[in-house]
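Examination of the molecular architecture
Listed below, chain by chain, are the residues.
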Amino acid sequence: MDIAERARTLLDLHHTGTTLVLPNVWDAWSARTVADAGFPALSIGSHPLADSRGQGDNEDMTLDDALDGVRRICGAVPDVPVTADLESGYGTPAAELVERMLEAGAVGLNIEDTVHSEGGRMRSASEHADYIGAIRRAADAAGVDVVVNARTDVFLKKGQFDDPVGEAVARLRACEEAGARCVYPVGVPDAGSLEALLEALSGPVNVIANPRTGSAAGSLEDLQAMGVHRVTFGPLLQKELAPDLAALVAPWR
């Protein structure tokens, strides 16, 4: 598949009526392993990618660093659509970010509203939606159906908002209107909050889960029953593998 076909495939996978699970990979080996397990698309998590490089999350990597990892992963699974977590955009203008991401081989991207390059400040709802909209316009101009996943960190900002669900809805609705093809309220605390978000939002919603223990809102079956469109693991797949690796090699100490 060429890049336009991979993008269209990824977009279509969000609208099959079933929950799309995109395991988060961090290098060529993990990408090939997950693809060989039968997953039709993959996600690159910024945190596990940074860990695999000996760097920190929250834009401790440069955009060059991140795209080096993206390029290696996409090159390892050339027929599998890949979406990449590009944090808050690494301070890069939307058109440049899309051009460089596509050159690296990714056909989707995750953009969050915490600006790590500016001391971790949170973008306003309108500022984040404007950036999401600019990314979508750049993708459309390139003729590629890039899956723009707009993330909000409202639920991670404990005590900052009187009504976190209402704030998340307002921010993510603005992103949907700006052209996001999926939205991501990271850290939704419970099933009730998630159900309220699903009812209020019109497009696909991404939920983070632990591959062993499920999400804060329930198991994969629970999420499917609620109508969740997409599930990712963030750094949790890599984190869950660490004790297994330690246990495997420990007898050889």
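Let me begin by describing the structure that accompanies this report. (Residues numbered from 1 in each chain as written. Predicted model: local features only at pLDDT ≥ 70, side-chain atom pairs only at ≥ 80, totals over all residues. Heavy atoms only, no water.)

A closer look at the sheet that holds strand β3 (residues 42-44)
Reading across the sheet, the six strands line up as β2-β3-β4-β5-β8-β9 and stay open at both edges, with parallel pairing between neighbours. On the outer flanks of this sheet lie β2 (24-25) and β9 (182-185), each paired with one strand and no other. (Pairing = 2+ DSSP bridges. Helix = DSSP H or I, 4+ residues; strand = E, 2+ residues; numbered from the N terminus.)

Considerations on the environment of V146
Tracing the backbone through its elements, the reader meets V146 in the loop between α6 (125-142) and β8 (147-152). With 92 residues separating them in the primary sequence, V146 and Q238 have C-alpha atoms 26 Å apart. Residues contacting V146, with those up to four places away along its chain left out, are A7, M101, L102, V107, G108, L109, A139 and R181. (Contact = heavy atoms within 4.5 Å.)

Re unusual backbone geometry
Phi angles above zero are rare outside glycine, and E59 is one such case at about 65°. Along the chain, E59 turns up in the loop between α3 (46-52) and α4 (63-76). Residue class for E59 comes out buried when judged on its relative accessible area of 14%. Despite not being glycine, E87 shows a phi value in the positive range, around 50°. (Buried < 20%, exposed > 50% of the residue type's maximum accessible area, 1.4 Å probe, protein only.)

Some thoughts on the packing of helix α7 (residues 164-178) against helix α8 (residues 191-200)
Their axes nearest at 10 Å, the elements α7 and α8 cross at an angle of 30°. Classified by the angle their axes make, α7 and α8 are roughly parallel. Handedness of the α7/α8 crossing: right-handed. Contacts between α7 and α8 involve V165, A168, V169 and R173 on the former and, on the latter, S193, A196, L197 and A200. (Axes fitted to C-alpha atoms, helices over the stretch in contact; angles between N-to-C directions. Parallel < 35°, antiparallel > 145°, perpendicular 65-115°, else oblique. Left-handed = near helix turned anticlockwise from the far one by under 90°.)

Overview of the pattern of salt bridges
The final tally for this structure, using the stated rule, is 18 salt bridges. The partner of R8 in a salt bridge is D12, and the shortest N-O contact between them spans 3.2 Å. Of this pair, R8 and D12 both sit in helix α1 (residues 3-13), separated by four residues, roughly a single helical turn. Judged by its relative accessible area of 39%, D12 is partly exposed. (Salt bridge = Lys/Arg side-chain N within 4 Å of Asp/Glu carboxyl O.)

Points about the side chain of D153
The topology assignment puts D153 in the loop between β8 and α7. Contact partners of D153, with chain neighbours within four places excluded, come to E112, D113, T114, M122 and V186.

Remarks on α4
For α4, built from 14 residues, the straight-helix expectation of 20 Å at 1.5 Å per residue is met to within 8% by its first-to-last C-alpha distance of 20 Å. Taken residue by residue, α4 has L63, D65, A66, L67, G69, V70, I73, C74 and A76 as its buried positions. Buried residues along α4 sit against β2, α2 (28-36), β3, α3, β4 (82-85) and α5 (94-104). (Expected span 1.5 Å × (residues − 1).)

Remarks on the environment of T92
Residue position: T92 is located in the loop between β4 and α5. T92 gets classed as buried once you look at its relative accessible area, which sits at 8%. Sequence-wise, T92 and L63 are 29 residues apart; in three dimensions their C-alpha atoms are separated by 8.4 Å. Residues contacting T92, with those up to four places away along its chain left out, are L63, L97 and Y131.

Describing the side chain of S193
Considering the arrangement of structural elements, one finds S193 in helix α8. Here S193 is in contact with V165 and V188, once residues within four sequence places are set aside.

Structural notes on the pairing of strand β5 (residues 108-111)
Covered by surrounding structure in β5 are G108 and N110 together with L109 and I111, the residues of both alternating faces. By the bridge criterion, three bridges tie β4 to β5 in an arrangement that is parallel. The partner of T83 across the bridge, within β5, is G108. Between the parallel pair β4 and β5, the chain is carried across by α5, and the sense of this crossover is right-handed. Both β5 and β8 contribute to a ladder of four bridges, which runs parallel. (Right-handed = clockwise from strand over helix to strand, strands pointing away.)

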